[in-house]
Amino acid sequence: MSGKSFTRTIKELSPVLFGPATGPERVVYEVRRGEVDKNTKIRYDTTTIFPGLLGRELPKTFGHYHKGVDFPELYVVLEGRAWYLIQRPQKANPKIIEEVYLIEAKENEKTIIPPGFGHVSINPENKKLILGNWIGTGFEYDYQTYENLRGACYYLLESKGRQSVNFEKNSYYEKMPELAKVRPREFPKELENLEFLTKPEKYLEILTIENCFKRM
Ligand SMILES: [Fe+2]
């Protein structure tokens, strides 16, 4: 899929939505995949999530795990404000979630998705959200686990006309902790060469939740 673009429409997202989305069919988000750098084996992609609710749900990406190798990922907000819903399941049972966090990131802020976490990107604003992300190659995307469980372990639903957002537990899951809201810490200098994206095993001590995030 190198150097390619694709879009996801409401209909294509319907397997992971809280409820049926009303209104006309439209593109919810667009992904542009960059070329893989031959030397570093890292790819830079961008994702644009357009505004507009999906029923009561905030616009979001499908969600996926990284299959084969537990590769981390690095995101940056290019325009707008982002939420990332990240979750780490038990290896033996994806219906049991050991950790789940809602990360809030502002423009220019970098966010690490630590190894072992599946992730969904969400646009909480009434305007376009554009994200950039760097990712190592040599793994496969697992969208199926999210599809099987009808999305992430929480749905983010607007209430009172966007004044607040409700976190609705996804009943397809057997167990999940309460959702913890966090903010990214400053991007660690030791990671600036991006080697952690392709050799995460060398950086596991830095790539912890405590090092990457602070609780709100
Ligand atoms: Fe990813």
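Each remark here, short or long, concerns the structure printed above.
Residues numbered from 1 in each chain as written. Predicted model: local features only at pLDDT ≥ 70, side-chain atom pairs only at ≥ 80, totals over all residues.

Q: Would you mind going over the environment of arginine 33 with me for this structure?
A: Its location among the elements puts arginine 33 in strand E2 (residues 27-36). Each C-alpha atom, one on arginine 33 and one on threonine 46, is 6.7 Å from the other, the two residues being 13 residues apart in sequence. (Helix = DSSP H or I, 4+ residues; strand = E, 2+ residues; numbered from the N terminus.)

Q: Before we go on, may I ask you to explain the sheet that holds strand E15 (residues 213-215) in this structure?
A: Strand pairs in the sheet, formed through backbone hydrogen bonds, run parallel or antiparallel to each other. In space, the five strands of this open sheet follow the order E9-E6-E7-E14-E15, with mixed pairing throughout. Two strands in the sheet have a free side with no partner beyond their single neighbour: strand E9 (118-122) and E15. The average undirected angle you get between the axes of adjacent strands in this sheet is 30 degrees. In this structure, strand E7 (residues 97-105) lies alongside strand E14 (residues 180-184), joined through three bridges in parallel fashion. Paired with leucine 102 across the bridge in E14 is lysine 181. (Pairing = 2+ DSSP bridges. Axes fitted to C-alpha atoms, helices over the stretch in contact; angles between N-to-C directions.)

Q: Can you help me understand the sheet that holds strand E1 (residues 5-9) in this one?
A: Strand order in the open sheet made by the six strands is E1-E2-E3-E10-E5-E8, with antiparallel pairing throughout. Each edge of the open sheet carries a strand with a single partner, namely E1 and strand E8 (110-113). The mean angle between the axes of side-by-side strands here comes to 20 degrees, regardless of whether they run parallel or antiparallel. Pairing of strand E3 (residues 42-49) with strand E10 (residues 129-136), which is carried by eight bridges, proceeds in the antiparallel orientation. Within the sheet, the bridge partner assigned to isoleucine 42 lies in E10 and is glycine 136.

Q: How should I be thinking about unusual backbone geometry in this particular structure?
A: Keep in mind that most residues, glycine aside, have a negative phi and that most peptide bonds are trans. Residue lysine 41 is not a glycine yet carries a positive backbone phi of 65 degrees. Relative to the helices and strands, lysine 41 resides in the loop between E2 and E3. On the neighbour-count criterion, lysine 41 (13 C-beta atoms within 10 Å) is partly exposed. (Buried ≥ 20, exposed ≤ 12 C-beta atoms within 10 Å, placed from the backbone.)

Q: Sorry, what's going on with the environment of proline 59 here?
A: If you trace the backbone, proline 59 turns up in the loop between E3 and strand E4 (65-67). Residue classification places proline 59 among the buried residues on the basis of 22 C-beta atoms within 10 Å. Distance in space between the C-alpha atoms of proline 59 and asparagine 126 is 9.8 Å, their sequence separation being 67 residues. Ignoring anything within four residues of it in the chain, the contact list for proline 59 reads Val28, Ile49, Phe50, Pro51, Gly52, Leu53, Leu54 and Asn123. (Contact = placed C-beta atoms within 7 Å.)

The values are spatial; any link to function lies outside them.
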